[in-house]
Amino acid sequence: LLSKFDARCLSNLAYANAIAGTVPRLDDGRTLFDHVAERSGPILEKFEAQHLSNMVWAYEKVGTHNPALFDQVAKEIGARDHLGTFNHQNLSNILLAYSKAGVRSSKLYDKVANHIVDLNHLGEFMPQSLSNTVWSFAKAGESHPRLFEMVADHMVGLNNLDLFKPQALSNTLWAFARADVSNPSLFEKVADHIISSNALSPFKPQELSITVWAFAKAGDSNPRLFEKVAHHIMGLNDLNAFNPQELSNTVWAFAKAQESNPRLFQQVADHIIWLNNLNSFEPQHLTNTLWSFAKAGESHPKLFQRVAEHILSLDNLLSFIAKDAAQILWAYSSADSVDLALFKKMHDHLEANVDYDSLDEDDQTALLRAYQKAEHASSEK
């Protein structure tokens, strides 16, 4: 039946099923998306820009892994003389699909970036498209400094950022920080916009945490922004809307940026302590949380005790990489909260499963100091 479908019909079929969230499985055991990919590959040159964009968007949306199709689409786009028929949403959706699907295609990213840069202006790009574009480059680990510079210049040159929703703002900041592209003017513009806002209620926990994380990661200090975010969080009835990553990223940002706020740290600690369990906290979340409290000099013995009890209750520590273990032990020793049982369990894990050479010099030094402190505490007992 699909042999009678042209490019537009194939694209629409995939798109419609993605919108519905369905992946029909046919009588031969293969999915409809498998058959659509097989039929589409040989005729991709007939696909218009919107068809290609909808196609890869649909496959990523439903989580259907088809590297062959993505490779064919990338080659087809690369073979075209120009991308003049692709609008800003087509381009950003294509990049978003590839980055989320984890499909690498440096040539595709370069072609799209060079096309955008050659436009000389970004007036037709909607805020979400701008954000998705730089986010996709950062997520995929693809570098294109001129593109990032152009996006930053465009945003800084706008009269205001009122058309940028919190997600677009936070994801743009995340992209620049993740890609290690320094642009103080952009960060200042976004900070001024957020600070001047009447309230931060439109910002979801993820957007708040990403925003302060990006400022801390980029090394762009803005005390007024951090103060406003802290004030907003402390005004909430509870932190139940924050997941472990958002909690840990938030305190990490304040500690990294050296923005002291004892009340905020106290609120986060109290929230974690009163949770039924810490099973939703991944090792990285625990590591960042403990490191942040120790780095900020925020003493909270009950928090450290609760985390220690959780780690000691685990059957094994195989999910803890060497860096996690080193930073956790450093945090306990720095906070003068050495738990000998925890140190022994971490030590046994490191000895059995970890190559110490995988630690950088700073982590090796931190681990050595933690062991020395634990040894001193043991001798006193």
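Residues numbered from 1 in each chain as written. Predicted model: local features only at pLDDT ≥ 70, side-chain atom pairs only at ≥ 80, totals over all residues. Heavy atoms only, no water.

## Focus on the side chain of Asn132
Working step 1: Tracing the sequence through the fold places Asn132 in helix α7 (residues 127-140).
Working step 2: Looking at Asn132, the relative accessible area reads 11%, which means it is buried.
Working step 3: Residues within four places of Asn132 in sequence aside, it is in contact with Ser92 and Leu96. (Helix = DSSP H or I, 4+ residues; strand = E, 2+ residues; numbered from the N terminus. Buried < 20%, exposed > 50% of the residue type's maximum accessible area, 1.4 Å probe, protein only. Contact = heavy atoms within 4.5 Å.)

## Considerations on the pattern of salt bridges
One side chain can pair with another of opposite charge once the charged atoms of both are near each other.
Working step 1: Going through the model one piece at a time under the given rule, you end up with eleven salt bridges.
Working step 2: The partner of Arg80 in a salt bridge is Glu76, and the shortest N-O contact between them spans 2.8 Å.
Working step 3: For Arg80, a relative accessible area of 16% puts it in the buried group.
Working step 4: Under the relative-accessibility criterion, Glu76 is labelled buried at 15%.
Working step 5: With a closest N to O distance of 3.8 Å, Lys323 and Asp360 form a salt bridge. Linking Lys323 in helix α17 (residues 322-334) with Asp360 in the loop between α18 (340-353) and α19 (361-380), this pair joins segments that are 37 residues apart in sequence.
Working step 6: The class of Asp360 is partly exposed, set by a relative accessible area of 39%.
Working step 7: One connected set of salt bridges, linked through shared partners, spans Lys323, Asp360 and Asp363. (Salt bridge = Lys/Arg side-chain N within 4 Å of Asp/Glu carboxyl O.)

## Quick notes on the nonpolar core
Working step 1: Of all hydrophobic cores here, the largest spans 127 residues; its most connected members are Tyr59, Tyr98, Ile311, Tyr332 and Met346.
Working step 2: The contacts of Tyr98, once residues within four sequence positions are left out, are Val56, Phe70, Val73, Ala74, Val103, Ser105, Leu108 and Tyr109. (Core = buried A, V, L, I, M, F, W, Y, C linked by side-chain atoms within 4.5 Å.)

## Overview of helix α3 (residues 49-61)
Working step 1: The end-to-end C-alpha distance of α3 is 18 Å, a good match for the 18 Å that 13 residues give at a rise of 1.5 Å each.
Working step 2: Inspection of α3 places Ala49, His51, Leu52, Ser53, Asn54, Met55, Val56, Ala58 and Tyr59 among the buried residues, and these make up the whole buried set.
Working step 3: Those residues of α3 that are buried lie in contact with α1 (7-20), α2 (32-40), α4 (67-79) and α5 (88-101).
Working step 4: The first or second residue beyond α3 is Gly63, which carries a positive phi of 75°. (Expected span 1.5 Å × (residues − 1).)

## Considering the environment of Leu314
Working step 1: With respect to the helices and strands, the residue Leu314 is situated in the loop between α16 (301-313) and α17.
Working step 2: When its relative accessible area of 25% is taken as the criterion, Leu314 is described as partly exposed.
Working step 3: Taking C-alpha positions, Leu314 is 9.5 Å from Asn279, a pair spaced 35 residues apart along the chain.
Working step 4: If near-sequence neighbours (up to four positions away) are discounted, Leu314 is found in contact with Phe320 and Lys345.

## Regarding unusual backbone geometry
Working step 1: You will see that Asn120, though not glycine, has its phi angle at about 75°, which is positive.
Working step 2: Of note, Asn120 is situated in the loop between α6 (106-118) and α7.
Working step 3: The class for Asn120 is exposed, based on a relative accessible area of 67%.
Working step 4: Its identity as a non-glycine residue notwithstanding, Asp336 has a phi of 55°, on the positive side.

## Some remarks on the packing of α1 against α3
Working step 1: Two elements in contact, α1 and α3, have axes whose closest approach is 8 Å; the angle formed by their N-to-C orientations is 30°. Handedness of the α1/α3 crossing: left-handed. Between α1 and α3, the residues in contact are Ala7, Arg8, Leu10, Ser11, Ala14, Tyr15, Ala18 and Ile19 and Gln50, His51, Asn54, Met55, Trp57, Ala58, Tyr59 and Lys61, respectively.
Working step 2: Residue composition of the contact of α1 with α3, grouped by class: ten nonpolar, four polar and two charged. (Axes fitted to C-alpha atoms, helices over the stretch in contact; angles between N-to-C directions. Left-handed = near helix turned anticlockwise from the far one by under 90°. Nonpolar A, V, L, I, M, F, W, Y, C, P; charged D, E, K, R; others polar.)

## Quick word on the packing of aromatic side chains
Working step 1: On inspection of all chains with the given rule, the structure shows twelve aromatic pairs.
Working step 2: Measuring from centroid to centroid gives 4.8 Å for Phe70 and Tyr98, while their planes differ by 65°, and the two rings are edge-to-face. Highlighted residues: Phe70 in helix α4 and Tyr98 in helix α5, separated in sequence by 28 residues. The burial state of Phe70 is the same as that of Tyr98; both residues are buried.
Working step 3: Through a chain of ring-to-ring contacts, the aromatic side chains of Trp213, Trp252 and Trp291 assemble into a single cluster. (Phe/Tyr/Trp six-rings, centres within 6.5 Å; stacked < 30°, edge-to-face > 60°.)

## Re α6
Given 3.6 residues to a turn, an α-helix orients residues that are three or four positions apart in the same direction.
Working step 1: Over its 13 residues, α6 runs 18 Å from end to end, which matches the ideal 18 Å to within 8%, given 1.5 Å per residue.
Working step 2: Looking at α6, one finds that the buried residues are Leu108, Tyr109, Lys111, Val112, Ala113, His115, Ile116 and Val117.
Working step 3: The inward-facing, buried residues of α6 abut α4, α5, α7 and α8 (145-157).
Working step 4: Count one or two residues on from α6 and you reach Asn120, which has phi positive near 75°.

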